[in-house]
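Residue-level listing of the chains:
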Amino acid sequence: MTTAVDLGVEAPEVVERTSTEERRATIIGIILMVLAAVVLGVFAFGVPPDATSTFNLSLPTDAIQNLSVSFNSRLFSGVAAVLIFVLGVDRLRRRNLRWTNAALGIGLLLFVLAFLAWAAADSSFSLVGMLRSTVISSVVITLGALTGLTCERAGVINIGIEGQLLSGAFVAVVLSSAFGTLAGVAGGLIVGALLGALLAWLAIRFSVDQIIAGVVINILAVGLTSFLASRILSEAQNLNAPARVPSIRIPILADIPVIGPMFFDHTFFVYVTFLLVVALHFGFFRTRWGLRARSVGEHPKAADTLGIDVLKVRYRNVIGAGLIAGFGGAFLALAQISRFEENMTGGIGFIGLAAMIFGRWMPFGALAAGLIFGFSGALAQKVAILGTGIPSEFMLMLPYVATIIVVAGLVGRSRPPAADGQPYIKQ
Amino acid sequence: MALVLEGITKRFPGVLANDNVSLSVAPGEVIALLGENGAGKSTLMNVLYGLYTPDEGTITIDGEQVVLGSTADAIANGIGMVHQHFMLVPVFTVTENVVLGEEPTGFGGVIDRERARSTVVDISERYNLRIEPDALIENLSVGVQQRVEIIKVLNREARFVVFDEPTAVLTPQEVDEFFGIVKGLKDDGKGIVFITHKLGEAIEVADRIVVMRGGKVVGEALPGDVTQQDLANMMVGRPVDLTVAKQPATPTEMVLEISDLVVLDERNVKAVNGVSFKVHKGEIVGIAGVQGNGQTELIEGITGLRPVLSGSVMLGEVDITDSPPRELHQLGVSHIPEDRQGSGLVLDFTVAENMILDSYYARPFSRGVLMDWDVTKEMAERLVEQYDVRTPGIDVAVSTLSGGNQQKVIVAREFERKVELVIAAQPTRGIDVGSIEYIHSQIVARRDAGAAVLVVSSELDEILALADRILVLYHGQIAGEFAPDAAVTDIGLAMLGSTG
Amino acid sequence: MSEVKTPMASKSPPPERPSWMDRVTGVGTSVGRSLLLPTLALITALIIGGFIIALSDIDSLKLLFSEPATAISQMWNEVLAAYKALFQGSVGSINAISETLFAATPLLLAGLGIAVGFRAGLFNIGAQGQMLIGGLIATYVGLYLNLPAILHIPLTLAGGLAGGMLWGGFAGLLKAKTGAHEVITTIMLNFIALFFMQWVLTTSGIQDPGRNNPVSAALPESAQLPKLFGSQYRVTIGFLIAIAAVFVVQWLLYRSSIGFEFRAVGSNPEAGRYAGMNVAVVVTLAMAIAGGLAGIAGANQVMGLEPYKATPSLAGFVGFDAITVALLGRSNPIGVMWAAILFGALSAGGREMQGAAQVPIDLVVVLQALIVIFVAAPGLIRAIWRVKADDGETVTQVSTGWGS
């Protein structure tokens, strides 16, 4: 970096304090050791020595049938325990600090696999089915997170995602029942955008605290949809019977074992979601729109002095984000559950918010977080069915616990846009 | 030919910020716009940059009248501005900051990164503004960030460039380099308006000096024809006499002893790097220096607001290194903080509440957890009277008071008890002359009552007026010690880091 | 001391001609001013609610084009009937008043908790979770102690207080120690509390014997809150406890040095630090007290109503409604009290409305949201009714981002 100094990149005398990175590596090292102990003590020695676990890797509808892997449960968990232990020891040596989170990730993955091997000891278990439902339940979470980050990248906090999803779901069901899927989706998009506009209008035009505005939108959405559901849907039940949304099987790709049923045999909602992740990433980091939106979320005054209309950018992003939430609501109601129920979102908008933070305000981060949180939901269902004695409620808590750990900075803090949540008032 | 502002008037509720102001700047000309804080300089420039709409007056460029309703209009008309607080996005690269708002794009609004980068390289080569186009702003020093701002302006092909207090945050070397850049721009035919309140700079860099006071233009001068004293008189409106009437100091025993103090700033850089000095009972020690040479960290280190890396702080016989603020308060340390509104006051609180902000927890203001508002109000009424705080009452929010009166609230609070040591940081920044004189006299009165006083100020005049002994802080170290009657040029040199 | 903002001291704008609204309402007195906005907000919300009732009436809508006059008169009658029932059900009889106060009790307690947070600069969205944990601990205390009512009731309430303080204080501690934003942590803690309740209420020792869903055994009579107006009316002494809490919070905020610290740190934490306050302790304590008040609300939901059992849904929607109550009451304890009674009345009346006029009670939720929108955006209500600005008015701005 000698040239950097010449170019004016400051290289002052920096005093290294007891590095937080080192402390983190130690903490995570200890966590990994504990995980290794659990894997060894509970999962490896909690099964008979000759028990066999079988993971099914194909669904009854697949082209290639009866694919599965079987292995000795105790041996598998034993190996996993050793690997986790090695990862932990490596962390305690405090080297290659950049790999700390990766080590934790691999450790947790091994832990989960060992757990599944234990749960499926002397029985079989449809791994691919679980992975497929992970993808499906990740869609709404990811869309919620994308909604949040599209707003927050431009500096507007949106905790009304839940309300946008719920309203989108309601309108999508009614319109889909009356006029078909397309109308339902369109209706969902429009109502999501309208609530986005309401949020933006309250926050920007009237300087209402953004969190208050978001809370109120959630309450309004619950009230209105429940009111209309019990007043209209209960009388006109035919309006709560949305058209079925067919799956689109992608030729060839859908026939690949495991990957096929996971990713390539879904309704169009799922494909659109994946495309949206790519498009938003490209948009935010490669285009004029993205650069301007991010500048407004980081330093609105700077953007303003360059002739960028801060408020317009914010309106546009928040309303556009509403479209995403509306789409998520439509997916939930038309494809995932196929009817409207009062308060059917049940907090999934907040999981989306958590996924946005967990994914560090990045579109691919949102997708990854959506998949992880979706997986913990799918895991909870399996655990309840398998009757392992582990309360499934603790699995359901995972997304929330993970988010607290992230915001508390225990596994590296994620940094929100600098002007997130701050109203911009032109002099 | 030229940019002309004519008869600009701008009113805010209750304030006439610009009163029939006229100003012109020609290509290749450098105008210094001189004035105190609140003289209306910034308002005028915000009008010029389209941030404010004037109530009256016209702006013409090359003889054609223009309406600057937004910053976009100003940019389109060739006006660029380098703000005092840089308008840079810290997490963006240099290139991203430069092209923001005028991005070279391809199909679908996709940014052409190569073209953007070469724009930056071209400008930096043409004007000899050394820069790394892919560096993140947050990793650059202040001087380099200013270069980015200038490149931004040049990229918009500005013909007229406004610099708002450009040297306030620069180190002396950076200031020299900056003047070189200004010269280059001037030679390139740019018209430049240079806003400052530093007299020497105005004389050094300008072709013409315009002085503002109370929202009006009160004078114009050519740099060759005036002295700093003349300009100062114009700025303030009456001959300024910053000398404070005081007796020579009679220092007795040592009160504060700083030894080898090292304090880190937010970036873990040693902002205070081995500072040692003593302050005695009955003397005022003034710490002079250009802003940003470790003053903030020094004060925060002494007062327990920032952890000390090494070294010690002794108050008489008591070691107060890293002692919490409350303990210092109980030991008789008064602290007038640098940032009046940021840390000295709770703006939503009433005058009375602010009067007890650091003593609310003890008798007579509270017993146990029970507050005694009668005692508080009584004291507040008395202090408002005694310290000449101009306020409609003690129950109004302190935010409604003027800066000078807010500062008097802090001074009243900090001086209204037995005080061993007074630490005053920038005690008169941005307040009116009347309040300055009053606060100075109060500080001297504290000294005469037997307190040790440490004053930190980036205004050398203030240090010269108050201090019995002057220390110069440069790059986190004491660069020299002077008697109050030492030659100003010597002190100035020490402030610039030349040990000559 | 008063926290009311005073108008700009020196520079008052030239007096405007009072608008017709100001002349009609004769505002000018401070009481008139402070009541004007909420009153207009309520009226506007009721008008919009009327349209919602009318336009969701399918039978009338079908007639709208063939027989518009009949349709409109049908709609009008329906709205009239709904609001008559709303009024009857909230203040029309002793039972209605009892129902109003009954519904107001948890709103008031939890709303006070939110208000304490606001005053300390904290946006506590976690009343929901704090109520659950408070209710849970109270249930354990209620079930496991065997004492006379005079001791059992206070101890059970104290259990609620402790549970809520624990849950709220944890969010405060996280904020103080790691900078984790309380809005995020309290949202997450709400869900964690919910799932915890779903599990813990199925464990032996608390679960109602013979049930397999998460529900606790009933509290003994000695831990049940006595009825206030006699056994035929549902309101309990819980309401008196809530009123007492109003005065305790008022005292805490404006008469105690703890409240002075809360308000100072809430308004300017840097100044608090400079003035020697321990900001970490203040933040943790403020969240603990906020949580404690919500915890008592949770205890009230177990101790104060049939069948005296804890369930994961014991908090209902109270934790979120409490936010609206605190906002409507402008975080002023007395204001919060009136706001809670108003929302209690809407809720009690809403049940009557659903029963007598077949208009779903969910309309009440819509009304609450609308009222809060109008109160939080005074500019909006002013534009609708053309009333001029109050000099001392400020926009509620409590959160400034997730900043770390």
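Quantities reported herein were computed from a predicted structural model and do not represent experimental measurements.

Caption draft 1: Representation of the overall build of chain B within the structure. Counting its secondary structure elements, chain B contains 17 helices and 22 strands. For chain B, the C-alpha radius of gyration of 25 Å lies close to 23 Å, the compact-globule estimate for 500 residues. Expressed as lengths along the three principal axes of its C-alpha atoms, the size of chain B is roughly 70 × 50 × 45 Å. Buried positions account for 48% of the 500 residues belonging to chain B. Taking all contacts inside chain B whose residues are at least 6 apart in sequence as the whole, residues at least 24 apart take part in 66%.

Caption draft 2: Broad picture of the overall build of chain A. Within chain A one finds 16 helices and 5 strands. For 427 residues, the compact-globule estimate of 2.2 N^0.38 gives 22 Å, and the C-alpha radius of gyration of chain A, at 24 Å, lies within 12% of that figure. Principal-axis analysis of the C-alpha atoms places the extent of chain A at approximately 70 × 70 × 40 Å. With 427 residues in all, chain A has 54% of them scored as buried. Residue pairs in contact within chain A that sit at least 24 positions apart in sequence constitute 76% of those at least 6 positions apart.

Caption draft 3: The nonpolar core, seen in detail. Counting residues in each nonpolar core, the largest one holds 404 residues, and the members touching the most others are A:Ala169, B:Phe194, B:Val455, C:Ala110, C:Ala286 and C:Leu293. Residues contacting C:Leu293, with those up to four places away along its chain left out, are C:Leu109, C:Ala110, C:Leu112, C:Gly113, C:Val116, C:Gly164 and C:Ala245. In terms of nonpolar packing, the next biggest core, distinct from the first, is built from 27 residues, A:Ala25, A:Ala81, A:Ile84 and A:Phe111 among them.

Caption draft 4: Up close: the interface of chain C and chain A. With 44 residues of chain C in contact, the opposing surface of chain A contributes 45 residues. Looking at the side of chain C that touches chain A, the elements with two or more residues in it are α7 (149-178), α8 (182-200), α13 (318-328), α15 (362-376) and α16 (378-385) of chain C. With 11 residues, α8(C) is the single largest residue contributor to the side of chain C that touches chain A.

Caption draft 5: Quick look at the sheet that holds strand β16 (residues 333-336) of chain B. Residue and element names in this part refer to chain B. Pairing is mixed in the open sheet, where 6 strands are placed in the order β16-β19-β20-β13-β21-β22. If you trace the sheet from one side to the other, it starts and ends with β16 and β22 (477-482), each paired once. Strand-to-strand twist across the sheet, computed as the mean angle between neighbouring axes with direction ignored, equals 20 degrees. Strands in contact with helix α15 (residues 433-448) are β13 (284-288), β19 (421-425) and β20 (452-456); relative to β20, the strand with the most contacts, it is inclined by about 150 degrees.

Caption draft 6: Quick look at the pairing of strand β1 (residues 52-56) of chain A. Residues and elements named next belong to chain A. Bridge count for β1 against strand β2 (residues 68-72) is 5 bridges, and the pairing is antiparallel. Each residue of the ladder has a partner; that of Asn56, found in β2, is Ser68. When β1 meets strand β3 (residues 123-126), the two strands line up parallel, connected through 4 bridges. Looking at β3, one finds that Ser53 is bridged to Ser123.

Caption draft 7: Layout of helix α4 (residues 68-91) of chain C. If you check α4(C), its first and last C-alpha atoms are 34 Å apart, about what 24 residues at 1.5 Å a residue would give, namely 34 Å. Buried within α4(C) we find C:Met75, C:Glu78, C:Val79, C:Ala82, C:Ala85, C:Leu86, C:Gly89 and C:Ser90.

Caption draft 8: The arrangement of the interface of chain C and chain B in detail. Taken together, the contacts link 23 residues of chain C with 33 residues of chain B. Secondary structure elements with two or more residues in the side of chain C that touches chain B: α10 (257-267) and α11 (269-274) of chain C. In terms of residues, the side of chain C that touches chain B owes the most to one element, α10(C), which gives 5 residues. Grouping the constituent residues of the side of chain C that touches chain B by class yields 10 nonpolar, 8 polar and 5 charged.

Caption draft 9: Region of the structure containing the environment of C:Asp208. Residues and elements named next belong to chain C. Here Asp208 is to be found in the loop between α8 and α9 (238-255). In this structure Asp208 comes out as partly exposed when scored by C-beta crowding, with 18 C-beta atoms within 10 Å. Each C-alpha atom, one on Asp208 and one on Ser60, is 48 Å from the other, the two residues being 148 residues apart in sequence. With residues near it in sequence (within four places) discarded, Asp208 still touches Val215, Ser216, Ala217 and Lys309.

Caption draft 10: Quick look at the sheet that holds β1(A). Residue and element names in this part refer to chain A. One open sheet accounts for 3 strands, arranged β2-β1-β3; its pairing is mixed. Two strands in the sheet have a free side with no partner beyond their single neighbour: β2 and β3. For this sheet, the mean angle separating the axes of adjacent strands, direction not counted, is 20 degrees. Along the sheet face, helix α3 (residues 73-92) touches β1 and β2 and points at about 80 degrees away from the line of β2.

Caption draft 11: Structural context of the environment of C:Tyr83. Residue and element names in this part refer to chain C. Along the polypeptide, Tyr83 turns up in helix α4. Of the residues examined, Tyr83 has 18 C-beta atoms within 10 Å and is grouped as partly exposed. Spatially, the C-alpha atoms of Tyr83 and Gly350 are 9.0 Å apart, while their sequence positions differ by 267 residues.

Caption draft 12: Expanded view of unusual backbone geometry. Cis geometry is adopted by the peptide bond preceding B:Pro364, which originates at B:Arg363 and carries an omega value of 5 degrees. Summarising the element assignment, B:Pro364 is placed in the loop between α12 (351-355) and β17 (366-367). For the peptide bond that leads from C:Glu306 to C:Pro307, omega is -5 degrees, which places it in the cis range. In this fold, C:Pro307 is placed in the loop between α12 (279-303) and α13. One non-glycine residue, B:Asp62, adopts positive backbone phi at about 50 degrees. Here B:Asp62 lies in the loop between β4 (56-61) and β5 (64-66). Non-glycine residue C:Tyr308 carries a positive phi angle of around 60 degrees. By the element assignment, C:Tyr308 lies in the loop between α12 and α13. The exposure class of C:Tyr308 is buried, given the 20 C-beta atoms found within 10 Å.

Caption draft 13: Molecular detail of the packing of helix α2 (residues 20-44) of chain A against helix α4 (residues 100-119) of chain A. Residues and elements named next belong to chain A. Packing of α2 against α4 brings their axes to within 10 Å, and their N-to-C directions diverge by 15 degrees. With respect to each other, α2 and α4 are oriented roughly parallel. Seen along the crossing, α2 lies across α4 with a hand that is left-handed. Across the interface between the two elements, Arg24, Ala25, Ile28, Leu32, Leu35, Val39 and Phe43 of α2 pack against Thr100, Ala103, Leu104, Gly107, Phe111, Ala114, Phe115, Ala117 and Trp118 of α4. Among the residues making up the contact of α2 with α4, the classes are represented as 13 nonpolar, 2 polar and 1 charged.

Caption draft 14: Seen up close, the packing of helix α5 (residues 127-152) of chain A against helix α10 (residues 268-286) of chain A. Residues and elements named next belong to chain A. The N-to-C vectors of α5 and α10 enclose an angle of 35 degrees; their axes lie 10 Å apart at closest approach. Pair α5 / α10 crosses with left-handed handedness. Where α5 approaches α10, its residues Val135, Val139, Thr142, Leu143, Leu146 and Thr150 are matched on the opposing element by Phe269, Val270, Thr273, Leu276, Val277 and Leu280. Classifying every residue of the contact of α5 with α10 gives 9 nonpolar, 3 polar and no charged.

Parameters and conventions
Residues numbered from 1 in each chain as written. Chains lettered and ligands numbered in written order. Predicted model: local features only at pLDDT ≥ 70, side-chain atom pairs only at ≥ 80, totals over all residues. Helix = DSSP H or I, 4+ residues; strand = E, 2+ residues; numbered from the N terminus. Rg over C-alpha atoms; globule rule 2.2 N^0.38 Å. Buried ≥ 20, exposed ≤ 12 C-beta atoms within 10 Å, placed from the backbone. Contact = placed C-beta atoms within 7 Å. Core = buried A, V, L, I, M, F, W, Y, C linked by C-beta atoms within 7 Å. Pairing = 2+ DSSP bridges. Axes fitted to C-alpha atoms, helices over the stretch in contact; angles between N-to-C directions. Expected span 1.5 Å × (residues − 1). Nonpolar A, V, L, I, M, F, W, Y, C, P; charged D, E, K, R; others polar. Parallel < 35°, antiparallel > 145°, perpendicular 65-115°, else oblique. Left-handed = near helix turned anticlockwise from the far one by under 90°.

Nothing here speaks to function; it is all geometry.
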